[in-house]
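Understanding the architecture of this molecule
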Amino acid sequence: MTLTFTNRTALVTGAGRGIGKAIAESLAQHGVTVICVSKSADSCGATAAAIVAAGGKAKALAVDVADGAAVAKAAEELLKEYPVIDILVNNAGITRDGLLFRMSEADWNDVISTNLSSCFHWTKHLARPMTRARWGRIVNITSVSGIMGNAGQANYSAAKAGMIGLTKTLAREFAGRSVTVNAVAPGFIKTDMTTDFVNNPEVSAKILEAVPLKRFGEAADIAAATVFLCSEQAGYVTGQVFAVDGGMAM
Ligand code: NAP
């Protein structure tokens with residue numbers, strides 16, 4: 001099946017590295033114009049430059065997605081240049097792991113604001129033009145931690161579970177306007193976020209005991225699921241959590 005995109009523009013957060021970079025590059029390969037957001041100008045700039053060098057269309061935008069006022073200002077500027085941003089992928093995320101008794105309030109707040117509140121801010125600003133255009137795709141990158149829980153990740157799993165609730169509610173709110181809202185829940189994927197686990201043979205062997213497919217995933221695995229959910233062909237899919245996790249959360 002060839003996935004189709006009709007003259008679409010996407011904004012991908014956390015596009016500087018890892019999963020977000022793979023999603024941005026894959027959307028661009030399908031002809032989508034991609035606004036690549038990350039915290040540092042260097043990383044989103046490198047992704048946008050790689051897309052343009054490969055013949056695609058991209059723009060880099062450095063914004064701290066945890067800062068609601070900064071997101072509002074960035075969205076306002078973007079909507080002057082692009083009347084509709086048709087596709088929003090909320091992917092930016094961080095971890096600040098620790099058992100609850102040792103978790104600081106700052107670590108709790110940083111993870112909730114970066115991983116969860118960021119989705120509220122971007123969606124609030126970008127979804128209105130989508131609803132007016134009566135076409136839109138929103139994909140929130142959650143985690144198996146948000147489905148199953150994970151000791152040491154109270155902040156992260158709460159944020160990721162919150163993204164699932166947000167996804168299902170917004171799917172209901174926007175369904176009448178043909179704007180779909182779905183979540184992708186990665187398992188353990190090889191990126192900077194998981195380097196410490198993946199490169200530690202003892203830890204990685206323990207993790208893989210819980211993965212039926214017995215391997216770590218690649219950023220491209222998450223990009224494939226996400227790009228499908230953003231395509232024309234996924235127009236009848238909304239409110240779903242698509243686990244791409246080697247079978248962990250089945
Ligand atoms: P990563 O390699 O650490 O990359 C994270 C990206 O998010 C970077 O581009 C980073 O920007 C950006 N980012 C972080 N905080 C930001 C902020 N405040 N404002 C703007 N951008 C910010 O992570 P990843 O592994 O690709 O993970 C991507 C998403 O998948 C995350 O939401 C993560 O929770 C989720 N996930 C990952 C795994 C996994 O195994 N890797 C599993 C489940 C879920 P800079 O480049 O500027 O630093």
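First, a word on scope: everything that follows refers to the structure included in this document. (Residues numbered from 1 in each chain as written. Predicted model: local features only at pLDDT ≥ 70, side-chain atom pairs only at ≥ 80, totals over all residues. Heavy atoms only, no water.)

**Comments concerning the overall build of the chain**
The number of helices and strands found in the chain is nine helices and seven strands. Whereas a compact globule of 250 residues would reach a radius of gyration of roughly 18 Å, the chain reaches 17 Å, a difference of no more than 12%. For the chain, the spread of C-alpha atoms along the principal axes amounts to about 50 × 40 × 35 Å. Expressed as a percentage of its 250 residues, the buried residues of the chain come to 49%. Per element, the accessible surface of the chain, about 11,800 Å² overall, is 54% carbon and sulfur. Taking the average location of the 23 positive side-chain charges in the chain and that of its 21 negative ones, the two points are 8 Å from each other. (Helix = DSSP H or I, 4+ residues; strand = E, 2+ residues; numbered from the N terminus. Rg over C-alpha atoms; globule rule 2.2 N^0.38 Å. Buried < 20%, exposed > 50% of the residue type's maximum accessible area, 1.4 Å probe, protein only. Areas by Shrake-Rupley, 256 points an atom, 1.4 Å probe, with all protein chains shown as cover. Lys, Arg positive; Asp, Glu negative; His and termini not counted. Charge placed at Lys NZ, Arg CZ, Asp CG, Glu CD.)

**What about the packing of aromatic side chains?**
Counted according to the given criterion, the structure contains two aromatic pairs. A ring pair is formed by F188 and F197, whose centres lie 6.1 Å apart and whose planes are at 85 degrees; its orientation type is edge-to-face. Overall, the relative accessible area of 30% leaves F197 in the partly exposed class. Judged by centre distance (6.4 Å) and plane angle (75 degrees), the ring pair of F188 and F216 falls under edge-to-face. Taken together, the residues span a long stretch of sequence, with F188 in the loop between strand 6 (179-186) and helix 7 (195-198) and F216 in the loop between helix 8 (201-209) and helix 9 (219-230) at a distance of 28 residues. Exposure remark for F188: the relative accessible area of 21% places this residue in the partly exposed category. Note on F216: relative accessible area 10%, which makes it buried. Members of the aromatic cluster, joined through ring pairs, are F188, F197 and F216. (Phe/Tyr/Trp six-rings, centres within 6.5 Å; stacked < 30°, edge-to-face > 60°.)

**Focus on the site of the ligand**
Not every one of the 30 residues close to the ligand is listed here, only the nearest: R17, S40, S43, Y156 and T191. At 2.8 Å from an oxygen atom of the ligand is found a main-chain nitrogen or oxygen belonging to I19. A distance of 2.7 Å separates an oxygen atom of the ligand from a polar atom in the backbone of N91. Compared with its free state, where it exposes 890 Å², the ligand has 94% of that area covered by protein. If you list the elements that add at least two residues to the shell around the ligand, you get helix 1 (18-29) and helix 6 (154-174). (Near = heavy atom within 4 Å. Polar contact = N/O pair within 3.5 Å; in protein donor to acceptor, adjacent residues only side chain to side chain.)

**A short note on the pattern of salt bridges**
Working definition: two side chains of opposite charge can pair if their charged atoms are close together. Counting across every chain of the model gives nine salt bridges. With a closest N to O distance of 3.2 Å, K80 and E77 form a salt bridge. With a gap of three residues between them, K80 and E77 both fall in helix 3 (residues 68-81), about one helical turn apart. One salt bridge connects K206 with E209, and the closest N-O pair in it is separated by 3.9 Å. Of this pair, K206 and E209 both sit in helix 8, separated by three residues, roughly a single helical turn. Accessibility assignment for this pair places K206 and E209 in one class, exposed. (Salt bridge = Lys/Arg side-chain N within 4 Å of Asp/Glu carboxyl O.)

**Observations concerning helix 6**
Spanning 21 residues, helix 6 covers 30 Å between terminal C-alpha atoms, matching the ideal 30 Å at 1.5 Å per step. Of the positions making up helix 6, those classed as buried are N155, Y156, S157, A159, K160, M163, I164, T167, L170, A171 and F174. (Expected span 1.5 Å × (residues − 1).)

Any functional reading would require information that these geometric values do not contain.
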